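# Fold and geometry: a report
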Amino acid sequence: MCGFVVCAGDPAAPPGGDLPALLELLDHRGPDETACDPPGRRVRMGFKRLAIIDTAGSHQPMRSGDGKLAIVFNGEIYNYLELRDELVRETGAVFATRGDTEVVLAGYRHWGPDVVHRLRGMFAFVVHDAEADLLFAARDPFGIKPLYWTRRGGTLWLASEKKALPGLDRERVEPDALAHYATFQYVPEPATLHRGVHRFEAGCSALFRPGAEPRPTRYFRPLFHPRRIDDEQRLHREIEAALRESVRLHMRSDVPVGTLLSSGIDSTAVTALAREVDPRLLTFTARFTDPGLYDELEVASRSAAELGVVNIPAPVSAEDVMAELPRIVWHLDDPVADPALVPLYFVAKKAAEHVTVALGGEGADEFFGGYTIYREPKSLRAVTALPGSAKHLLQRVSRALPEGVKGRGFLERGTAEIEERFVGNAKIFTGDAKERLLRRPGPDVREVTGPVWDESAHLDPVSRMQYLDLCTWMRGDILVKADRMSMAHSLELRVPFLDRGVWEAASRIPAEHRLSGPQTKVALRRALAGIVPPSIVERPKLGFPTPHRQWLAGPMFAWTDQVLAEAACGHLLDLEYARGLLREHRDGADHARKVWAVLVFCLWYGQIGAEPPPRAAAAVPRRLPPQTAAALLAASAMPEAPAPAAPVTDPPVPQLPVSETPGFETIGFETPGFGTPVPEAPQTDSQPQPQPQPQPQPQPQPQPHSLQPAPIAGAPGTAVEVVPDYVPAPQRDSPDGLVPGF
């Protein structure tokens, strides 16, 4: 897990930014190593490293032995050992490191852009292909790892976070993106709140050629492919096997790994399966310390005791929030008005004091149907099934009813098409309230949701709602807060539910096996019945019950009012209207989500062009080395751990043919799809260690990385690299005024 900045342009022209200085804004993403190409190159790469795999090697930027390819890579490839073996068998490749970055670079040399179809993990990377005079960039299928890009004059810039791009000022704030933020509580990709700055979309790759605009190519769409279920037990075994394998792969690490444990089934399942790999697992849970608030710690600590793992609480108070919220917002890049990111920030801070990697439960609700709103198509069926004329009459009746009359909302939603009534999991400012808030009217939300609805027109209503959330809510909210709040403390957060194998199982579940009556995630709950404590399996969905309503009406009222009163963004938002909502909230109305959205934006806007806000709390200490962490665990008061769960005895679930893997498409590039399925490895009682690799034949000793990087893919016994199957398109000439040759 790392951060990088890339700039490409004429080295004699002003680059529009200071690469080393911008790179330092990503120090939280990679405090272990810093490397930056010297001036004078057409393409310069800077890198901040958080060492997870091959901690003594795998330095970046990494270049091939012949200097034709270079890469900066952020993320983890969980099947890198299997891909390495495949490349050795197929090409005779020789590897100089034990990490996954070199595997991605060698994979690009052999498969070209099709390498993205082989990668099982979370990633954002940029490859400089000097021979073809292009940059190739790609982002993982679900959008776990971020990537941004912009142009400044004749220079192209790419970075892991927006704050590391040049030219971010208040004059470039985009009002249309602000209007979408007011509704969604985040800025939907590929837009950002700065004009001319773009977020690379999830599941896309692109070629950046000299003098030409990038041509993004979508290689993945998370569309559901429900199938008929004749054997429910087999379905449950498939889900269990896929998640168990994913957790096992996500535990691959050369540094300590823990889990973030809440009171819900998703993080509890991940914890239970991670404990099968490492019985000495540490877990971490947020705890709200202000009196009278709901506290997840009681349930989470009881689950930890039943699973036989240590649970460490992370206290959070209203005072902590007021002290740290400016820093939290700075880490977000663009505002995200989800209060749940606050406890995530503090629990990640606590986890980073003990481990370098943590697993979380993100993605389960979107994959398996975990939100209660997904029950709406069934609850509204009495109205939605009526003929059009009858629905039109009921719609007129609903409009005639006074506000607050019971049944009006039901009729309004039942007579509206699904594309109109559902815009995703968050819906903050709409209608008159949105017009009151914004100084300038914004575009219709269907600018964002319309294309997504069109892509899922062939699916059932529940699957369409999940698809919309996968393409908007999960990418813009869930995964942004997961990445930024963990990396704020140099903690790598891995999400085993967002795995290719788990997706293969989840995408085929019919809607009636995802939702049944009041219960959500039905198939997942049944699959986990033998893994998760019974009290958790049937526990209803709570979300993350952050007490922002109580905070804004009580201990945070005066502070919030002062922030709104002093904010400099009154030309964009009616802040007096927002302060009125805050006062009404204090007096008993519930405007918490609206007020929180305005508060977060005001803090964000005030930081544009300013120095990063200081940490109010003490800086996180460096992680303990593995041997020290083991000694700490041995001395801790930990309940006696039960024996690890027995390996699954059911026949292994057969892998789907490559051509049938759902969601992955051939669009633009001539791609064959996925590579060889990951072989099943035996279960072990301890965390897996890197597999021994074939000993390479003698080859020239590489110089220090900053001068001459190590060779990566050579024929055995020589320093000559394998001729790739992929042949890039010929180099193009650069028109005047555009980006020159790289």
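The rules behind these values
- In this numbering scheme, every chain counts its residues from 1 along its sequence in written order.
- Residue-level local features of this predicted model are given only where pLDDT is at least 70; pairs of side-chain atoms are given and counted only at 80 or more, and the full residue set underlies all totals for whole chains, interfaces and linings.
- Hydrogens are left out, water is left out, and the side-chain values use all remaining heavy atoms of the structure.
- Segments assigned H or I by DSSP are reported as helices when at least four residues long, segments assigned E as strands when at least two residues long, and all are numbered from the N terminus.
- Summary of the burial criterion: residues with accessible area below 20% of their type's maximum are buried, those above 50% are exposed, and those between are partly exposed, where the area comes from a 1.4 Å probe applied to protein chains only.
- Here a residue-residue contact requires only that any non-hydrogen atoms of the pair lie within 4.5 Å.
- Only the protein chains shown count as cover for residues, and the accessible areas themselves come from Shrake-Rupley with a 1.4 Å probe.
- When DSSP locates at least two bridges between a pair of strands, those strands are taken to pair.
- Axis lines are fitted to C-alpha atoms, over the contacting stretch for helices. Their N-to-C directions set the angle, which ranges from 0 to 180 degrees.
- One speaks of a salt bridge when a side-chain nitrogen belonging to Lys or Arg is within 4 Å of a carboxyl oxygen belonging to Asp or Glu.
- By convention a nonpolar core is built from buried Ala, Val, Leu, Ile, Met, Phe, Trp, Tyr and Cys residues, the set being connected through side-chain atoms within 4.5 Å.
- The method works on a 1 Å grid over the protein atoms by themselves. A cavity is a set of points holding a 1.4 Å probe that cannot get out, a pocket is an open set with protein on both sides within 12 Å along at least five of seven lines, and residues with an atom within 4 Å of a point line them.
- Grid points are joined across faces, edges and corners, and a volume is the space filled by probe spheres set on the points.
- In this classification, the charged set is Asp, Glu, Lys and Arg, the nonpolar set is Ala, Val, Leu, Ile, Met, Phe, Trp, Tyr, Cys and Pro, and all remaining amino acids, among them Gly, are polar.
- On a range of 0 to 100, pLDDT expresses the predictor's confidence in each residue.
- Oblique is the label for every angle not falling under 35 degrees (roughly parallel), over 145 degrees (roughly antiparallel), or within 65 to 115 degrees (roughly perpendicular).
- By the definition used in this description, the sense in which the near helix is turned from the far one sets the handedness, with an anticlockwise turn below a right angle giving left-handed and a clockwise turn giving right-handed.
- Each Phe, Tyr or Trp ring, with Trp reduced to its six-membered ring, pairs with another whose centre is within 6.5 Å; inter-plane angles below 30 degrees give stacked pairs, above 60 give edge-to-face pairs, and intermediate values give tilted ones.
- When the NZ atom of lysine or the CZ atom of arginine is within 6 Å of a ring's centre and also within 35 degrees of its normal, the charge is said to sit over that ring.
- Any cysteine sulfur atom paired with another within 2.5 Å is treated as part of a disulfide.
- Within 3.5 Å is the distance limit for a polar contact, defined as a pair of N or O atoms, with the added protein rule that one can donate a hydrogen and the other accept it, and that residues adjacent in sequence qualify only through two side-chain atoms.

### Let's talk about the overall build of the protein chain
Within the protein chain, the regular secondary structure consists of 28 helices and 17 strands. Out of the 742 residues in the protein chain, the part that is buried amounts to 61%. Put simply, of all contacts in the protein chain between residues at least 6 apart along the chain, 76% involve residues at least 24 apart. Surface accessibility of the protein chain: about 28200 Å² in total, with carbon and sulfur atoms responsible for 54%.

### With respect to the sheet that holds strand E11 (residues 204-208)
The 6 strands lie next to each other as E4-E5-E6-E7-E11-E12, forming an open sheet whose pairing is antiparallel. With one partner strand each, in any of the chains shown, strand E4 (62-63) and strand E12 (215-218) form the two edges of the open sheet. Where E11 meets E12, 4 bridges bridge the pair, whose relative direction is antiparallel. Paired with Ser-205 across the bridge in E12 is Thr-217. Contacts from helix H3 (residues 101-111) reach E4, strand E5 (69-77), strand E6 (121-129) and strand E7 (134-139), with the element oriented near 125 degrees to E5.

### Re the pattern of salt bridges
According to the stated counting rule, one finds 49 salt bridges in the structure shown. As a salt-bridge pair, Glu-189 and Arg-139 come within 2.9 Å of each other at their nearest N and O atoms. With Glu-189 in the loop between helix H4 (175-184) and strand E10 (197-199) and Arg-139 in strand E7, this pair connects stretches of sequence that are 50 residues apart. Given the relative accessible area of 12%, Glu-189 is considered buried. Given a relative accessible area of 3%, Arg-139 falls into the buried group.

### Some details on the pairing of strand E2 (residues 33-36)
Where E2 meets strand E3 (residues 43-49), 4 bridges bridge the pair, whose relative direction is antiparallel. Bridging across to E3, Cys-36 finds its partner in Gly-46.

### Quick word on the nonpolar core
One finds Phe-125, Val-342, Phe-429, Trp-596 and Phe-601 to be the most contacted residues of the largest nonpolar core, which totals 189 residues. Within the second largest apolar cluster, 21 residues are counted, among which are Cys-2, Val-126, Cys-204 and Phe-208.

### Overview of empty space enclosed by the protein
The full count for this structure, using the stated rule, is 12 cavities of 30 Å³ or more. Taken together, 15 residues form the lining of the largest cavity, with Met-1, Arg-49, Ile-53, Asp-100 and Thr-101 sitting closest to its centre. Across the lining of the largest cavity, the residue classes tally to 7 nonpolar, 5 polar and 3 charged. Looking at the second largest cavity, its volume works out to about 70 Å³. What lines the second largest cavity is a set of 11 residues, and nearest its centre among them are Leu-119, Arg-120, Gly-121, Asp-499 and Arg-500. Taken together, the residues of the lining of the second largest cavity break down into 6 nonpolar, 2 polar and 3 charged.

### A few points about the environment of Pro-38
Inspection of the secondary structure puts Pro-38 in the loop between E2 and E3. In this structure, the C-alpha to C-alpha distance between Pro-38 and Leu-19, residues 19 residues apart in sequence, is 9.6 Å.

### Thoughts on the side chain of Asp-333
Locating Asp-333 in the fold gives a position in the loop between helix H8 (318-332) and helix H9 (341-352). Apart from the residues within four sequence positions on either side, Asp-333 is in contact with Tyr-148, Glu-161, Lys-162, Lys-163, Arg-484 and Trp-604.

### Looking at the confidence of the model for the protein chain
Summing up the model confidence of the protein chain, the mean pLDDT is 83 and the portion of residues at 70 or higher is 82%. In the predicted structure, residues 622-660 sits below a pLDDT of 50 and forms 57 contacts with residues beyond four places in sequence or in another chain. Low pLDDT, under 50, characterises residues 666-742; the stretch is placed with 188 contacts to residues that sit more than four places away or in other chains.

### A closer look at the packing of helix H17 (residues 446-455) against helix H18 (residues 461-471)
Helix packing geometry: the angle between the two helix axes and the distance between the axes. With their axes 10 Å apart at the nearest point, H17 and H18 run at an angle of 130 degrees to one another. Between H17 and H18, the angle is such that the two are oblique. Like other packed secondary-structure pairs, H17 and H18 cross with a definite hand, here right-handed. Contacts from Thr-449, Val-452, Trp-453 and Glu-455 of H17 reach H18 at Arg-464, Met-465, Tyr-467, Leu-468 and Cys-471. A per-class count over the contact of H17 with H18 returns 6 nonpolar, 1 polar and 2 charged.

### So, unusual backbone geometry
Most peptide bonds take the trans configuration, and most residues that are not glycine carry a negative phi. Omega for the peptide link from Gln-60 to Pro-61 comes to -5 degrees, which places this bond in the cis form. Within the chain, Asp-54 stands out as a residue other than glycine whose phi angle is a positive 50 degrees. Even without glycine at this site, Ser-58 takes up a positive phi of about 55 degrees. Here Ser-58 lies in the loop between E3 and E4.

### Overview of the packing of H8 against helix H19 (residues 473-487)
The geometry of H8 relative to H19 is characterised by a closest axis approach of 9 Å and an angle of 115 degrees between their N-to-C directions. The hand of the H8/H19 crossing is right-handed. Only Val-480, Arg-484 and Met-485 of H19 make contact with H8, whose side of the interface consists of Ile-328, His-331 and Leu-332. Split into classes, the residues belonging to the contact of H8 with H19 amount to 4 nonpolar, 1 polar and 1 charged.

### Overview of the packing of aromatic side chains
Under the criterion given, the structure shown has 23 aromatic pairs. Ring centres 5.3 Å apart and planes at 85 degrees place the aromatic pair Tyr-345 and Phe-346 in the edge-to-face group. The pair formed by Tyr-345 and Phe-346 is uniform in burial state, with each residue classed as buried. Members of the aromatic cluster, connected to one another through ring pairs, are Phe-73, Tyr-108, Phe-123, Phe-125 and Phe-136. If you follow Arg-84 out to its NZ or CZ, it ends over the ring of Phe-95, 4.8 Å from the centre. Its end group placed over the ring of Trp-330, Lys-163 keeps NZ or CZ at 4.8 Å from the ring centre.

### Quick look at the sheet that holds strand E9 (residues 155-159)
Read from one edge to the other, the open sheet built from 6 strands follows the order E2-E3-E1-E9-E8-E10, with strand pairing classed as antiparallel. At either end of the open sheet lies a strand with only one pairing partner, and these are E2 and E10. Mean inter-strand twist for the sheet, computed between neighbouring axes without regard to direction, equals 10 degrees. In terms of strand pairing, strand E1 (residues 2-8) meets E9 through 4 bridges, oriented antiparallel. Paired with Val-5 across the two strands is Ala-159, which belongs to E9.

### A short note on the state of the cysteines
Under the counting rule described, the total for this entry stands at 0 disulfides. Not part of a disulfide, Cys-569 finds its nearest cysteine sulfur in Cys-602, a span of 3.7 Å. With a relative accessible area of 0%, Cys-569 lands in the buried category.

### Some thoughts on H4
For H4, the tally of buried residues reaches 9 of 10 residues, placing the bulk of the element in the interior. Three or more residues of H4 are buried, namely Pro-175, Ala-177, Leu-178, Ala-179, His-180, Tyr-181, Ala-182, Thr-183 and Phe-184. One side-chain oxygen of the residue at the start of H4 lies 3.2 Å from the amide nitrogen of Asp-176, identifying that residue as Glu-174. Looking one or two residues past H4, Gln-185 carries a phi angle of roughly 70 degrees, positive in sign.

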